[in-house]
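Architecture at a glance
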Amino acid sequence: MSERKGWRNDGYAKVTGRSRYADDMKFHNMLHAVPVYSDHVHAYIIKIDVSKAEQSEGVIRVITYKDVPGENRFGQIHKDYYMFAEDRIRGNGDVVALIVAKTREEAIEAIGKVTVEVEQLPLLLDPEEALKSDSILIHEEKKTNIVTHHKVRRGSVEEGFKNSDIILEREYKTQLIEHSYMEPESSVCIPRHDGVMEVFGSMQHPFSTRRFVATLLGKELSEVEVKGTPTGGGFGGKDDTAAIVCARTALAAMLTKHPVKMTYKREWSIKESYKRHPYKLNYKMGLDKSGKIKAVECRFLADAGNYTSVTPWVLWRSTVQCCGPYKVDNVKCDALGVHTNNIFTGAMRGFGSPQVNFAIESLIEEAAEMVGLSPMEIRKRNMVMQGDETITGQILENHTVNLSNVFEKVQTEIGFEEKLKKCSHGKSDTDELYGIGIAISYRGMSLGAEGKDYCSAIINAQPDGSVLLEAGVHENGQGLESAMLLILAEQLGIKKERIRYQCSSTSTIPDGGTTVASRGTIMGGGAITKAADNFKKLIAETLFETLDCTKEDFVFENDGVSISATGTFYTFEEIIQMMFSNKTYPYAFGLFQGPEVSWDEEVGKGNAYFTWVYGCQAVELTVDKVKGKVKLLNAVAAHDVGKAINEEMLLGQFYGGMVMGMGYALREEVKTKDGKVRSTNFHKYHLTRAKDVPDMKAIIVESVDPLSPSGAKGVGEPTNEIMAPAIANAIYNATGKRYYKLPIKIEL
Amino acid sequence: MKTTINGKEILLREEILEKNLLEFIREDLDLTGTKKGCEIEVCGACTILINNEAVTSCRKLVKDVVGKSVMTIEGFENEDGALHPLQQAFIDCGAIQCGYCTPGMVLTGHALLFKNNNPTREEIKEAITPVICRCTGYQQIVDAIENTAKFY
């Protein structure tokens, strides 16, 4: 019927509305919880009075920090997040209490009945102010507002600038943005007969959630079982806050001994959940007459808001990628994240790269113009090629360095060189100004030296020849389970229809790390490939005598096994039955450890990531010089993905990433006033809609990467990190005016 | 008073008429395919069909559908469980990721094709603009609707 061959294991459920998200679950005697916020941004708490709320119709219990049996403070890096505010409010999204009632309406009704008596503190909202020695401290015990300070010290920037013919200094600013997953946070927790707290919820990382829940409840990790439900989008945003929502729900379930559900309203979600860091980026770049970059000095100041979350890791990636995909011998980079009373910031698709790429890819084009080179030529003269060294001293030699390839492919597809000549540069006979723009990037895969990188998988074949697969990564909506199934089907040479993906539970498989950093496919796929190798080995070792052949004769293909020596074929069912007859379970575990990475924090040197990917995007647009409106006409992207596993899902990562980047460039911004979020819902937070989007072209570039066992690499973030600079460059070519701040608002 | 939901006639008691329609659909009828995204009629996750028009349900009341025919995503596939061609096209074209906007998107696409069985891509984009998808970038959703026009 259709020429398109898209497939997902949850496709039927999702198109029929049968996919059961957390808020779609119901249990007998289930209670409902809702959060209570204060009206304040920064204040000492004198008293939280819940007595009136407790008397409210239907209310079963009101919970505050005093009811926490375990540790109230937690965090992935620094334990500075208060799951319930204690003596101080540090931001408007701080939760002071939880109301548990028979119905959600009754719980909501009681919110206004909690009163918080406070003594106001001065607001700290400006990150530069936060650095001053006399600044008020957001977390006094830290004795500083600096959350993190990463550095790169390479060569001598003084020497580099001395040898430069041209020096540019520019300042860029990027905005606070909201992940805007369409499904707000939701969790359902059930106290189980054996004392285990069963947790269902919308999240990115069940294991991280388990740590938050166990900490708050004062339970062992084994006493909490987290089961992921279909997740209605994450984009990096369903780690801390989603886990904390689960933890508070679990506490309510534990204290009331009832199943409890807590589903967030959009306003609560936007008020409380962490965002993408706004950055101020100061760059100084020196080049010689030939356009070769001689030195880069840069300083990033990121607003981490009131809690740490993963700010140190986000800033670290910015540091490693501070010069974009260019060779620079002299680099000095200082990346700082600081506390303020603003809403806290953490992981979001790109993870410290969208900010940096906007700056560096804008700057390189300004440099090109000053040197008298085209945007193509300056990139060619500076971009990393096979065997080159990154600014942190990593030699790019163990995989295909595909940057020039993706760069060429995009230019050819869109006709860049010809169209560049037609750009308006601020002059046109009509109201429309035309421009085309391009940007490139490289990106370290997975976590890199941020953390330990490993993942496991379990293959459990059943007596009838069906197969259960489990991997320590979690479906976020991107089609991860389907990708895992396809990788296993290929590895075992069996039909994908045999395989069912075992919905992840923290109690059945070791922690495989969080589904972030575009690592789901590469790490989960790696683990499955290792498990499949073990599975095949087990079968060969068990059955070679029975089948009168050698272990090397087993060829897993065509939904069964061919014995190469004899040409005999056995179906997969026959093979599995023989395994059981031999009293050997056809069961295998596989572990994929990310190859070694290294990092010297003092000088910012090391093999930051075990492998890299390369991307290029270009966009055509018009700017209405009367109304100031930007209309996108066309967009093309090429990304090196290693190996394509599920083409339609892969294309979805391209388009989805590009469109999110369009919003970052042109319209998205969480507005705040005096520390309070003003963009409270989607009427005041403007997401890109279908009519704003041009038809797009995605070019999938494959390459061999021996470091990825399945061959696949990540693509979710690369597609999202260079659309903003491509648009900024196109707007410059259209209007002749350079914009240094996101989102770009055309000045008439 | 009565309404028809997914082809079944439902008697409405007086006290239910002032109830929020989305709550009624999700909590009373357990038709959870209709999603709650913003509750202020700007995201489209709660889109249903009322007399074949795609409309949001989050700010409507039960009394708004008295005497009308309502379809939620659960009523969209064939009675034998086979997928409607538009649903199949969503799968084939990779038009689904997290799935949260999918019910609203499918019904919005259907309402368009029901009125216009030969829409341009621009007309499709205009029609689905009330429904936000954060995952897919819309392109494959437009493809799915475009590819299904021939069945209408």
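Analysis parameters
- Residues numbered from 1 in each chain as written.
- Chains lettered and ligands numbered in written order.
- Predicted model: local features only at pLDDT ≥ 70, side-chain atom pairs only at ≥ 80, totals over all residues.
- Heavy atoms only, no water.
- Helix = DSSP H or I, 4+ residues; strand = E, 2+ residues; numbered from the N terminus.
- Rg over C-alpha atoms; globule rule 2.2 N^0.38 Å.
- Buried < 20%, exposed > 50% of the residue type's maximum accessible area, 1.4 Å probe, protein only.
- Contact = heavy atoms within 4.5 Å.
- Areas by Shrake-Rupley, 256 points an atom, 1.4 Å probe, with all protein chains shown as cover.
- Lys, Arg positive; Asp, Glu negative; His and termini not counted.
- Charge placed at Lys NZ, Arg CZ, Asp CG, Glu CD.
- 1 Å grid on protein atoms, 1.4 Å probe; cavity = no way out; pocket = protein on both sides within 12 Å on 5 of 7 lines; lining within 4 Å.
- Points joined across faces, edges and corners; volume = space filled by probe spheres on them.
- Phe/Tyr/Trp six-rings, centres within 6.5 Å; stacked < 30°, edge-to-face > 60°.
- Lys NZ or Arg CZ within 6 Å of the ring centre and 35° of its normal.
- Patch = residues over 30% accessible without salt bridge, like charges linked within 9 Å, V, L, I, M, F, W, Y side chains within 5 Å.
- Salt bridge = Lys/Arg side-chain N within 4 Å of Asp/Glu carboxyl O.
- Buried area = accessible area lost by both parts, 1.4 Å probe.
- Nonpolar A, V, L, I, M, F, W, Y, C, P; charged D, E, K, R; others polar.
- Arc of directions from axis to C-beta.
- Polar contact = N/O pair within 3.5 Å; in protein donor to acceptor, adjacent residues only side chain to side chain.
- Domains from an automatic or database assignment.

**Brief notes about the overall build of chain A**
Each helix and strand counted, chain A has 18 helices and 30 strands in total. Against the compact-globule benchmark of 27 Å for 748 residues, chain A has a radius of gyration of 27 Å, which places it among compact chains. With the C-alpha coordinates of chain A rotated into their principal frame, the extents come out at 80 × 75 × 55 Å. Expressed as a percentage of its 748 residues, the buried residues of chain A come to 65%. Looking at chain A alone, contacts between residues at least 24 apart form 80% of all its contacts between residues at least 6 apart. Of the roughly 26,100 Å² that chain A leaves accessible, carbon and sulfur atoms contribute 48%. Positive and negative side-chain charges of chain A, numbering 91 and 100 respectively, have mean locations separated by a distance of 4 Å.

**Considerations on empty space enclosed by the protein**
All names here are of chain A. For the structure shown, the criterion picks out ten cavities of 30 Å³ or more. Looking at the largest cavity, its volume works out to about 650 Å³. If you list the elements that add at least two residues to the lining of the largest cavity, you get helix H14 (480-492), helix H15 (520-543) and helix H17 (647-666). Take the lining of the largest cavity: its biggest share by element is three residues, from H17.

**Topic: the packing of aromatic side chains**
What the rule picks out here adds up to 20 aromatic pairs over all chains. Between Tyr-21 of chain A and Tyr-100 of chain B, the ring centres sit 5.3 Å apart and the planes meet at 85 degrees, which makes this aromatic pair edge-to-face. Placement of Tyr-21 of chain A in the loop between helix H1 (11-15) and strand S1 (31-37) and of Tyr-100 of chain B in the loop between helix H2 (85-92) and helix H3 (102-115) is noted, with the two residues assigned to different chains. Exposure class is identical for Tyr-21 of chain A and Tyr-100 of chain B. Each is buried. An angle of 80 degrees between the planes, with centres 5.8 Å apart, marks the rings of Tyr-172 of chain A and Phe-358 of chain A as edge-to-face. Here Tyr-172 of chain A is found in strand S10 (residues 166-173), whereas its partner Phe-358 of chain A is found in helix H10 (residues 353-371), with 186 residues between them in sequence. Taken as a pair, Tyr-172 of chain A and Phe-358 of chain A share a single burial class, namely buried. Counting every residue linked through ring pairs, the aromatic cluster contains Tyr-172, Tyr-279, Tyr-283, Phe-300, Phe-358 and Tyr-740 of chain A. If you follow Lys-284 of chain A out to its NZ or CZ, it ends over the ring of Phe-161 of chain A, 4.3 Å from the centre. Its guanidinium or amino end placed over the ring of Tyr-732 of chain A, Arg-738 of chain A lies 4.4 Å from that ring's centre, counting from NZ or CZ.

**A short note on a positive patch on the surface**
Residues Lys-173, Lys-671, Lys-741 and Lys-745 of chain A make up a contiguous surface patch of positive charge. Tracing the backbone shows Lys-173 of chain A in strand S10.

**Let's talk about the interface of chain A and chain B**
Each partner contributes residues to the interface: chain A has 60 residues there, and chain B has 53 residues. Each partner contributes to the roughly 4,700 Å² buried at the junction of chain A and chain B, and carbon and sulfur atoms together form 52% of this total. On the surface where chain A and chain B come into contact, there are eleven salt bridges. Between Arg-18 of chain A and Glu-77 of chain B there is a salt bridge whose closest N-O contact spans 2.9 Å. Broken down by secondary-structure element, the contributors of at least two residues to the side of chain A that touches chain B are H1, helix H3 (104-111), helix H8 (266-272) and H17 of chain A. Top element by residues in the side of chain A that touches chain B is H17 of chain A. It accounts for nine residues. Grouping the amino acids of the side of chain A that touches chain B by side-chain chemistry returns 20 nonpolar, 20 polar and 20 charged.

**With respect to H3 of chain A**
All names here are of chain A. Turning to H3, its buried residues are Arg-104, Glu-106, Ala-107 and Ala-110. Seen from one end, H3 has its buried residues packed into an arc of 165 degrees, which puts them on one side. Of the exposed residues in H3, the ones pointing more than 90 degrees away from its buried face are Glu-105 and Glu-109. On its buried face, H3 sits against S1, helix H2 (51-55), strand S3 (59-63), strand S7 (95-101), strand S14 (260-263) and H8.

**So, the side chain of Ser-441 of chain A**
Residues and elements named next belong to chain A. Following the sequence through the fold, Ser-441 ends up in strand S18 (residues 432-444). Take Ser-441: its relative accessible area is 2%, and that puts it in the buried class. Only 2.8 Å separates the side chain of Ser-441 from the side chain of Glu-721, close enough to count as a polar contact. Leaving out residues up to four positions away in the same chain, Ser-441 has contacts with Pro-325, Asn-357, Leu-403, Val-613, Tyr-614, Gly-615, Glu-721 and Ile-722.

**Let's talk about the domain arrangement of chain B**
Residue and element names in this part refer to chain B. What the domain assignment lists for chain B is domain 1 (2-75) and domain 2 (85-151). Here the C-alpha centre of domain 2 lies 21 Å away from the C-alpha centre of domain 1. Every contact between the two is made by 17 residues of domain 1 and, on the other side, 14 residues of domain 2. Carbon and sulfur atoms supply 64% of the area buried between domain 1 and domain 2, which totals about 1,200 Å² over both sides.

**Examining the pattern of salt bridges**
Inspection of the entire model under this criterion finds 63 salt bridges over all chains. Residue Glu-183 of chain A pairs with Lys-238 of chain A through a salt bridge whose shortest N-O separation is 3.1 Å. Residue Glu-183 of chain A is located in the loop between S10 and strand S11 (186-191), and its partner Lys-238 of chain A is located in the loop between strand S13 (224-228) and helix H7 (240-256); the two are separated by 55 residues in the primary sequence. Lys-238 of chain A matches Glu-183 of chain A in its accessibility class, with the two residues each being buried. The residue Asp-559 of chain A makes a salt bridge to Lys-495 of chain A at a minimum N-O spacing of 3.8 Å. Taken together, the residues span a long stretch of sequence, with Asp-559 of chain A in the loop between strand S22 (554-557) and strand S23 (560-563) and Lys-495 of chain A in the loop between H14 and strand S21 (499-501) at a distance of 64 residues. For Asp-559 of chain A, a relative accessible area of 14% translates into the label buried. Linked through salt bridges whose partners overlap, the residues forming this network are Arg-4, Glu-648 and Asp-695 of chain A together with Arg-121, Glu-122, Lys-125, Asp-143 and Glu-146 of chain B.

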